[in-house]
Amino acid sequence: MSALPSPTAPDDRVFPVETPSPTLRIRGLDKHFSVNGERIHVLSGIDLTIAPGEFVAIVGASGCGKSTLLRLILGLDLDHRGSVELDGKPVRGPGLDRSIVFQDHRLLPWLTAERNVAAALLRSGLSRAEKDRTVREHLALVGLTDFAGAYPGQLSGGMAQRVAIARALVNRPRFLLLDEPLGALDALTRLRLQDELKRIVRHEGATAVLVTHDVDEAVYLGNRVVIMHPRPGRIAEDIHVPEAARADRSSPEFVALRDHVLERLGVHIPHVGPHGDSHGGAVAAVP
Ligand SMILES: Nc1ncnc2c1ncn2[C@@H]1O[C@H](COP(=O)(O)OP(=O)(O)OP(=O)(O)O)[C@@H](O)[C@H]1O
Ligand SMILES: [Mg+2]
């Protein structure tokens with residue numbers, strides 16, 4: 001006989017229901033590649049836990065293993081040491097609970113925006129009417145209702161990337177992985193889409209992992225900024241971003257954090273003199 005009280009017990013007792021929290025937990029992750037017979041140590045001792053609803057931005061020099069890390073989270077590469085777990089279960093392959101947006105939109109040119117988004121629902125169990133509705137909702141979410149019937153070749157770069165974001169979200173994944181999603185856009189479009197991305201991820205309640213070379217973008221979007229160092233790729237620092245810093249790009253909190261991240265990435269920050277004169281020239285992007 002079970003010692004647990006029955007949930008249907010005829011009294012006023014309330015029994016807590018355990019809701020599983022969709023946590024991503026990476027422990028001691030090591031990854032090697034072989035190139036021309038040479039073994040390259042790409043990721044070393046990665047420990048990273050991401051809680052539901054967090055927006056984690058990852059920055060680091062080119063080649064330090066950021067995209068490789070996303071592929072391991074997606075389950076596209078299972079050849080590694082250490083563990084990648086979702087809700088305590090090892091990731092064994094791709095799933096509808098995780099989706100990714102790349103720098104290039106990767107839309108199918110022969111399908112309209114609407115059909116491109118709908119294509120991601122092929123494996124979902126939704127009815128035809130539910131599919132149509134969720135596609136419409138997600139095109140509205142990215143502000144493209146009026147372009148549902150347009151082909152990728154008829155869209156601007158920013159619009160195509162919005163479609164890619166809608167496609168990634170249409171299955172309502174718990175994890176949205178973003179590999180430099182705004183990297184190919186002009187500066188103004190990029191700033192606008194950063195605001196959009198923040199709003200959309202919040203609206204969907206997704207947990208986001210963003211890889212970016214733009215340190216401003218990382219501090220503006222991330223609740224956390226994870227700094228990686230190269231050869232082998234490892235986590236050098238995992239910084240909590242206070243809301244005050246995230247909310248306003250001109251706030252002292254934002255500027256201080258951005259400068260700190262840049263320093264950790266080896267970018268020299270000029271010291272501004274009393275007359276506003278500065279020496280050196282920092283750029284808010286990682287090589
Ligand atoms: N399929 C592969 N086979 C062999 N080596 C690979 C493979 N994929 C990546 N690498 C190597 O792994 C290292 C990390 O690559 P990765 O693409 O993860 O870096 P990254 O941090 O995303 O760089 P970037 O910022 O330029 O996109 C690089 O040295 C790269 O050459
Ligand atoms: Mg990459």
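Because the structure is predicted, anything quoted here is derived from the model rather than measured. (Residues numbered from 1 in each chain as written. Chains lettered and ligands numbered in written order. Predicted model: local features only at pLDDT ≥ 70, side-chain atom pairs only at ≥ 80, totals over all residues.)

A.B. asks: Run through the site of ligand 1, naming residues and quoting values.
C.D. replies: Close to ligand 1 lie Phe-33, Val-35, Ile-40, Val-42, Gly-60, Ser-62, Gly-63, Cys-64, Gly-65, Lys-66, Ser-67 and Thr-68, which account for all nearby residues. Ranked by the residues each element gives to the shell around ligand 1, the list is headed by helix 1 (residues 66-74), at 3 residues. Among the residues making up the shell around ligand 1, the classes are represented as 5 nonpolar, 6 polar and 1 charged. (Near = placed C-beta within 6 Å. Helix = DSSP H or I, 4+ residues; strand = E, 2+ residues; numbered from the N terminus. Nonpolar A, V, L, I, M, F, W, Y, C, P; charged D, E, K, R; others polar.)

A.B. asks: Give me the lowdown on the sheet that holds strand 3 (residues 55-60), citing residues and values where you can.
C.D. replies: Two modes of strand pairing occur in sheets, parallel and antiparallel, and in both the strands are linked by backbone hydrogen bonds. The strand order across the open sheet formed by 6 strands is 6-7-8-3-9-10, and the pairing between neighbours is mixed. On the outer flanks of this sheet lie strand 6 (98-101) and strand 10 (234-240), each paired with one strand and no other. Recorded for the sheet is a direction-independent mean angle of 20 degrees between the axes of neighbouring strands. In terms of strand pairing, strand 3 meets strand 9 (residues 224-229) through 5 bridges, oriented parallel. Note on strand 9: the bridge partner recorded for Gly-60 is Met-228. (Pairing = 2+ DSSP bridges. Axes fitted to C-alpha atoms, helices over the stretch in contact; angles between N-to-C directions.)

A.B. asks: Tell me what's going on with the nonpolar core, and back it up with residues and numbers.
C.D. replies: Core analysis: the biggest nonpolar cluster contains 70 residues, and Val-209 and Val-219 have the highest contact counts within it. Here this core gets 7 residues from one element, more than from any other, and that element is helix 4 (residues 157-169). (Core = buried A, V, L, I, M, F, W, Y, C linked by C-beta atoms within 7 Å. Buried ≥ 20, exposed ≤ 12 C-beta atoms within 10 Å, placed from the backbone.)

A.B. asks: Quick rundown of the confidence of the model for the protein chain? Include the residues and the values.
C.D. replies: The predicted structure's coordinates, where accompanied by low pLDDT, should not be read in detail. Per-residue confidence for the protein chain averages 88 on the pLDDT scale, and 86% of its residues sit at or above 70. Below pLDDT 50 for its whole length, residues 1-19 participates in 3 contacts with residues either more than four positions away or in separate chains. (pLDDT = per-residue confidence, 0-100. Contact = placed C-beta atoms within 7 Å.)

A.B. asks: Could you give an account of the sheet that holds strand 4 (residues 81-86), with specific residues and numbers?
C.D. replies: Across the sheet, which stays open at both edges, the 4 strands sit in the order 2-1-4-5 with antiparallel pairing between neighbours. Pairing within the sheet leaves two strands with one partner each, and these edge strands are strand 2 (38-50) and strand 5 (89-90). Of the strand pairs in this sheet, strand 1 (residues 24-35) and strand 2 are connected by 9 bridges, and their pairing is antiparallel. Bridging across to strand 2, His-32 finds its partner in His-41.

A.B. asks: How would you explain helix 5 (residues 187-204) if you had to name every residue and give the values?
C.D. replies: Between its first and last C-alpha atoms helix 5 spans 25 Å; for 18 residues at 1.5 Å apiece the expected length is 26 Å, and the two agree. Buried-residue contacts for helix 5 involve strand 3, helix 3 (128-141), helix 4, strand 7 (175-179), strand 8 (207-211) and helix 6 (215-221). Downstream of helix 5 by a residue or two, Gly-205 has a phi angle that is positive, lying close to 65 degrees. (Expected span 1.5 Å × (residues − 1).)

A.B. asks: Describe the pairing of strand 10, and please don't skip the residues or the numbers.
C.D. replies: In the case of a regular strand, side chains alternate between the two sheet surfaces. In the sheet, strand 9 pairs with strand 10 via 6 bridges, with the strands oriented antiparallel. Bridged to Val-226 within strand 10 is Asp-238. The hairpin turn running from strand 9 into strand 10, its antiparallel successor, is 4 residues long, and Arg-231 in that turn takes a positive phi close to 50 degrees.

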